[in-house]
Amino acid sequence: MKGTTIGDHNPENQVFVLRQKGEFAYETRTTPNLPTSRHVLVKIIATGICGSDVHYWQHGKIGPFVVEQPLVLGHESAGIIVQCGSEVKNLKLGDRVAIEPGVPCRSCGFCGGGKYNLCDEMKFAATPPVDGTLATYYTVPEDFCFVLPPHISIEEGALVEPLSIAVHCTKLASVSMGHKVLVMGAGPIGLLCCAVSRALGASVVIATDIVDSRLDFALRYAATHTYKMQKEVPEVNAERIISGCGISTGADVVIDATGVAACIAAGVFALKKGGTFVQAGLGAPDILFPVGELCSKEGVYKASFRYGPGDYALSIKLLEGKKVDLDALITHSFDFGSAAEAFASTSRQEGIKTIIYGPKCDGLPGNGS
């Protein structure tokens, strides 16, 4: 396909694959061709590890998605454009971009209705059988690449993906000025939900967890209050959150980023009458849920799945305005040859976010500091 190309781009494409449950390997493949004239080829510079990547490694499947052939992992990525299709209008060679890793069909009812994250034909990176971004090169439609602000490193660009999940959660809850927001769980998504809530004007942002170090970080990062979950019934935890964190009538918004039944229940009990509960975390497929409590409050329960139209764009706007700090979340980084070690570190819950650099990326323009 005709287009523009950086002259030194190498046809060799190194990838990091999961061959089967528990077995990693490196492979060399040919560089992918541009599928359409509106695609670009991105040299991957940095990729964050997501819990789903670790889950595929440890279990070989997530729900109906089963690893049946070697799968390239990774979907939280940023890189540099090295080839543009002939009809690409808004990007150019050398642009540093964050990649939105799920491409919908664009023609179904969900896509046309502004819910493309629910598209049945979604091709999402590192979701079997679609290969992911832990590779030298990856092709992306032009409109699923987002140019990074100059002050944002390319490592931070890799975290625009989880930031967009947090943006989606807060948009579902309509978080706005003066809201009191309770976030259950202070992992990466919970922390980003705290940060986005603050950026959107929430006056109280409470983070809960069971790990002291995470709560300490949450308070420095974005939370106004923290609460360490106790081995008590959910009602007791909720009462202590309400009494100790400045939300006497309950939280306007609760975002659960744990998927843990006890946390979900405590969040429902801490929810204000008429409030909104957003489910972001996934745990056991079936949980006990205090539906009577939610109904008596006429609360709104919403499930959140990935991100949709405008979420990446808003994430970039928040970064442009320096409203959210992604760099503080990056605690570990590994070169491409140590990718297996990076996965092991993440599985041990070491630090907050781990970055894997792309193959042979040293010295490239835009390799952040």
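### Here's the deal with the packing of helix H5 (residues 188-199) against helix H6 (residues 212-221)
For any two helices packed against each other, the geometry is given by the interaxial angle and the distance between the axes. Contact pair H5 / H6: the axes reach a minimum separation of 10 Å and the direction vectors enclose 20°. With respect to H6, the axis of H5 lies roughly parallel. Here H5 and H6 pass one another in a crossing that is right-handed. Residue-level inspection shows Leu 191, Leu 192 and Ala 195 of H5 in contact with H6, the latter providing Phe 217, Ala 218 and Tyr 221.

### Quick notes on the packing of aromatic side chains
Per the stated rule, a full pass over the model turns up 14 aromatic pairs. An angle of 35° between the planes, with centres 6.4 Å apart, marks the rings of Phe 124 and Tyr 307 as tilted. With Phe 124 in strand E11 (residues 123-124) and Tyr 307 in the loop between strand E19 (300-303) and helix H10 (311-320), the pair connects residues that are 183 residues apart, well separated along the chain. In this pair, the class of Phe 124 matches that of Tyr 307, namely buried. Taken together through their ring pairs, the aromatic side chains of Phe 16, Phe 24, Tyr 26, Trp 57, Phe 336 and Phe 343 make up a single cluster.

### A look at the nonpolar core
Residues Val 40, Val 42, Tyr 221 and Leu 326 are the most contacted members of the largest nonpolar core, which totals 68 residues. Here this core gets seven residues from one element, more than from any other, and that element is helix H4 (residues 160-172). For Val 40, the residues in contact, after removing those within four places along its chain, are Leu 34, Ile 81, Gln 83, Cys 84, Val 88, Leu 91, Tyr 138, Thr 139, Val 140 and Cys 145. Core analysis: the next-biggest nonpolar cluster, separate from the first, contains 23 residues, Ile 49, Val 54, Leu 73 and Phe 343 among them.

### Concerning unusual backbone geometry
Looking along the chain, the bond that leaves Pro 128 and enters Pro 129 is cis, with omega of 5°. In this structure, Pro 129 sits in the loop between E11 and strand E12 (137-141). The backbone of Arg 106 shows a phi angle near 75°, a positive value even though the residue is not glycine. For Arg 106, the location among the structural elements is in the loop between strand E10 (102-103) and helix H2 (109-112). Of note, the phi angle at Gln 349 is positive, near 60°, even though the residue is not glycine. Here Gln 349 shows up in the loop between helix H11 (339-347) and strand E21 (353-357). Since its relative accessible area comes to 59%, Gln 349 is described here as exposed.

### Thoughts on the environment of Arg 198
Within the secondary structure layout, Arg 198 lies in helix H5. Linking Arg 198 and Leu 159, residues 39 residues apart in sequence, is a C-alpha distance of 18 Å. In contact with Arg 198, not counting residues within four places along its chain, are Val 205, Ala 222, Ala 223 and Thr 224.

### Structural notes on the pairing of strand E8 (residues 76-85)
The buried fraction of E8 amounts to 10 of the 10 residues, a majority that puts the element mostly inside the structure. With eight bridges connecting them, strand E4 (residues 39-48) and E8 associate as antiparallel partners. Along E8, the bridge assignment pairs Lys 43 with Ile 80. Summarising the sheet, E8 and strand E9 (residues 96-99) pair through three bridges and their orientation is antiparallel.

### Examining the confidence of the model for the chain
Summary statistics for the chain give a mean pLDDT of 94 and a share of 95% for residues scoring 70 or more. Confidence drops under a pLDDT of 50 for residues 362-369, and excluding neighbours within four residues, the segment shows 18 contacts in the predicted structure.

### Some words on the sheet that holds strand E15 (residues 204-209)
Reading across the sheet, the six strands line up as E16-E15-E14-E17-E18-E19 and stay open at both edges, with parallel pairing between neighbours. With partners counted over all chains shown, the strands left at the sheet margins are strand E16 (225-228) and E19, one partner each. On average, adjacent strands in this sheet sit at an angle of 20° to one another, irrespective of strand direction. Strand direction decides the pairing type here: E15 and E16, joined by four bridges, are parallel.

Calculation rules
All chains use their own residue numbering, which begins from 1 and follows the written sequence. With pLDDT at 70 or above as the cut-off, local features in this predicted model cover only qualifying residues; side-chain atom pairs require 80 or more to be listed or tallied, and sums for whole chains, interfaces and linings still use all residues. Side-chain numbers come from the whole structure's heavy atoms, not from hydrogens or water. Fitted lines through C-alpha atoms serve as axes, helices being fitted only where they are in contact, and the angles separating the N-to-C directions of these axes extend from 0 to 180 degrees. Only DSSP runs of H or I with at least four residues qualify as helices, and only runs of E with at least two residues qualify as strands; both kinds are numbered from the N terminus onward. Working rule for angles: under 35 degrees goes down as roughly parallel, over 145 as roughly antiparallel, 65 to 115 as roughly perpendicular, anything else as oblique. It is the rotation of the near helix from the far one that decides the hand of a crossing: anticlockwise by less than a right angle makes it left-handed, clockwise makes it right-handed. We call two residues contacting when some pair of their heavy atoms lies within 4.5 Å. By convention, a stacked pair of Phe, Tyr or Trp rings (six-membered ring in the case of Trp) has centres within 6.5 Å and planes under 30 degrees apart, an edge-to-face pair has planes over 60 apart, and any other such pair is tilted. Each residue's exposure class comes from its accessible area (1.4 Å probe, protein chains only) as a fraction of the maximum for that residue type: buried when under 20%, exposed when over 50%, partly exposed otherwise. The set of buried Ala, Val, Leu, Ile, Met, Phe, Trp, Tyr and Cys residues whose side-chain atoms join them within 4.5 Å is what this entry labels a nonpolar core. When DSSP finds two or more bridges between two strands, those strands count as paired. pLDDT expresses how confident the predictor is about each individual residue, on a scale running from 0 to 100.

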